[in-house]
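Read off the chains here:
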Amino acid sequence: MVNRSITMRRCPLCHNQHSSVFHQDRKRNMYLCDRCQLVFSDANSHLPPPVEKRRYQQQVAKNQKPLKQFLMSLILQCEQQSTDPLIGLNFGRVAEPDTVLSVESHRHTLYQYDPYFAANHDLLKRQYDFICCYRVFEHFRFPFKEWSLLGKLLKPGAWLAISTKLLTELSAFDRWHHKNNLTHVSFYQHSTFEFLAQQAGFKLLFAANDLILVQKPSGSDIKRDQSSLDDV
Ligand SMILES: [Zn+2]
């Protein structure tokens with residue numbers, strides 16, 4: 001039985017203090033933020049980092065093919081906007097050398113950052129023409145931190161392409177296989193990305209299951225910055 005009462009649990013994305021218990025099972029509780037509509041798991045149920053790292057190690061080979069497809073279709077989209085060589089960042093999941101070579105064969109440069117397997121912090125001090133986050137957002141324990149960081153890493157006019165399974169049917173959550181992986185701790189709805197884009201002054205170009213495309217406005221289009229989220 002799910003208790004829908006309002007709690008004072010702080011949303012790890014928008015920092016709203018009001019969320020309700022949304023789902024309970026044997027392993028963990030999930031909460032729904034009434035402001036940004038994020039569904040997030042109880043911090044007490046997060047796996048210890050060494051356990052989480054081991055799980056990721058076991059899954060390194062998995063998803064490489066769709067990651068490459070996702071990245072290459074992003075490159076093709078970017079090339080429709082600009083013929084210049086681009087500098088991109090693959091954030092949160094390391095692609096195989098073969099994928100990096102494919103990007104480089106289009107004259108672009110691809111850097112890779114991952115907190116466990118490619119923790120080069122210097123890469124987080126510059127800006128990029130595009131950023132790819134393939135099946136990464138669901139793993140963010142404190143997504144405010146990463147969303148703020150990614151916003152800063154985008155050049156004006158740059159694109160952020162996110163692949164994460166959107167939560168489209170709240171009433172079907174109990175049966176949603178995606179939630180059973182304990183490394184998945186944050187679940188986003190279409191409205192969550194609308195909220196984030198609006199807060200940051202970014203353009204939400206597309207948001208369907210498995211592809212969310214966000215563009216940082218160029219130059220004078222920028223209305224608000226990430227600090228607006230801090231006001232909450
Ligand atoms: Zn929220």
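Residues numbered from 1 in each chain as written. Predicted model: local features only at pLDDT ≥ 70, side-chain atom pairs only at ≥ 80, totals over all residues. Heavy atoms only, no water.

A. Molecular detail of the state of the cysteines. Evaluated as defined, the whole model comprises 0 disulfides. As a non-bridged cysteine, C78 has C132 as the owner of its nearest cysteine sulfur, 10 Å distant. By relative accessible area, C78 is classed as buried at 7%. (Disulfide = S-S within 2.5 Å. Buried < 20%, exposed > 50% of the residue type's maximum accessible area, 1.4 Å probe, protein only.)

B. Layout of the pairing of strand β11 (residues 211–215). Of all 5 residues that make up β11, 4 are buried, and the element is covered over most of its length. Between the antiparallel neighbours strand β10 (residues 203–208) and β11 lie 2 residues, among them D210 with a positive phi of about 80°. (Helix = DSSP H or I, 4+ residues; strand = E, 2+ residues; numbered from the N terminus. Pairing = 2+ DSSP bridges.)

C. Molecular detail of the packing of helix α2 (residues 64–81) against helix α3 (residues 97–104). Axis separation between α2 and α3 bottoms out at 10 Å; the angle between their running directions is 10°. It follows that α2 is roughly parallel to α3 by the angle criterion. Every residue of α3 that contacts α2 at K68, L71, M72 and I75 is listed here: D98, T99, S102 and V103. Split by residue class, the contact of α2 with α3 holds 4 nonpolar, 2 polar and 2 charged. (Axes fitted to C-alpha atoms, helices over the stretch in contact; angles between N-to-C directions. Parallel < 35°, antiparallel > 145°, perpendicular 65-115°, else oblique. Contact = heavy atoms within 4.5 Å. Nonpolar A, V, L, I, M, F, W, Y, C, P; charged D, E, K, R; others polar.)

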